[in-house]
Amino acid sequence: MIKALGEKFRENPTALGVVNPNVIVEVFVSDKGTWTILASDTRGQSCVVSVGEGWESAVATAALPGT
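A brief look at the structure comes next.

Rules used throughout
- Residues numbered from 1 in each chain as written.
- Predicted model: local features only at pLDDT ≥ 70, side-chain atom pairs only at ≥ 80, totals over all residues.
- Heavy atoms only, no water.
- Phe/Tyr/Trp six-rings, centres within 6.5 Å; stacked < 30°, edge-to-face > 60°.
- Helix = DSSP H or I, 4+ residues; strand = E, 2+ residues; numbered from the N terminus.
- Buried < 20%, exposed > 50% of the residue type's maximum accessible area, 1.4 Å probe, protein only.
- Pairing = 2+ DSSP bridges.
- Axes fitted to C-alpha atoms, helices over the stretch in contact; angles between N-to-C directions.
- Salt bridge = Lys/Arg side-chain N within 4 Å of Asp/Glu carboxyl O.
- Contact = heavy atoms within 4.5 Å.

**A short note on the packing of aromatic side chains**
- Using the criterion set out here, one finds one aromatic pair in the structure.
- Geometrically, the ring pair formed by W35 and W55 is tilted, given 5.9 Å between the ring centres and 55 degrees between the ring planes. Residue W35 is located in strand 3 (residues 35-41), and its partner W55 is located in the segment after strand 4 (46-52); the two are separated by 20 residues in the primary sequence.
- Judged by its relative accessible area of 16%, W35 is buried.

**Concerning the sheet that holds strand 1 (residues 12-20)**
- Pairing in this open sheet of four strands is antiparallel, and the strands run 1-2-3-4 from one edge to the other. Only two strands of the sheet have a single neighbouring strand rather than two, namely strand 1 and strand 4. Averaged over all pairs of adjacent strands, the angle between strand axes in this sheet comes to 20 degrees, irrespective of strand direction.
- Relative to strand 4, strand 3 is paired through six bridges, and the arrangement is antiparallel. Its bridge partner being in strand 4, I37 is matched across the sheet by S50.

**A closer look at the pairing of strand 1**
- One ladder, built from seven bridges, connects strand 1 with strand 2 (residues 23-29); its direction is antiparallel. Each bridged residue has a counterpart across the sheet, and for A15 the counterpart in strand 2 is V27.
- In this antiparallel pair of consecutive strands, strand 1 and strand 2, the connection spans two residues.

**Re the pattern of salt bridges**
- Applying the stated criterion to the full structure yields two salt bridges.
- The shortest N-O distance in the salt bridge between R43 and D41 comes to 3.2 Å.
- According to the relative accessible area criterion, R43 is exposed, its value standing at 67%.

**Observations regarding the environment of G52**
- Inspection of the secondary structure puts G52 in strand 4.
- A C-alpha to C-alpha distance of 9.1 Å links G52 and I37, two positions 15 residues apart in sequence.
- G52 has contacts with G33, T34 and W35, leaving out every residue within four places of it along the chain.

Next comes the structure, spelled out in structure tokens:
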């Protein structure tokens, strides 16, 4: 699945999170803004959770005291 996302849509892993000890969620994004959210379990099975267009990565900046 990951190979197909890279080859067909030019999407690369951008973020991941642990749902529980058996499942992780991964976000794949292309330079053109297409994205796929994939859930994978410890048995190697994956499921596409959602897909879309227009992905924008937010840049977090810390606020300075008094601003």
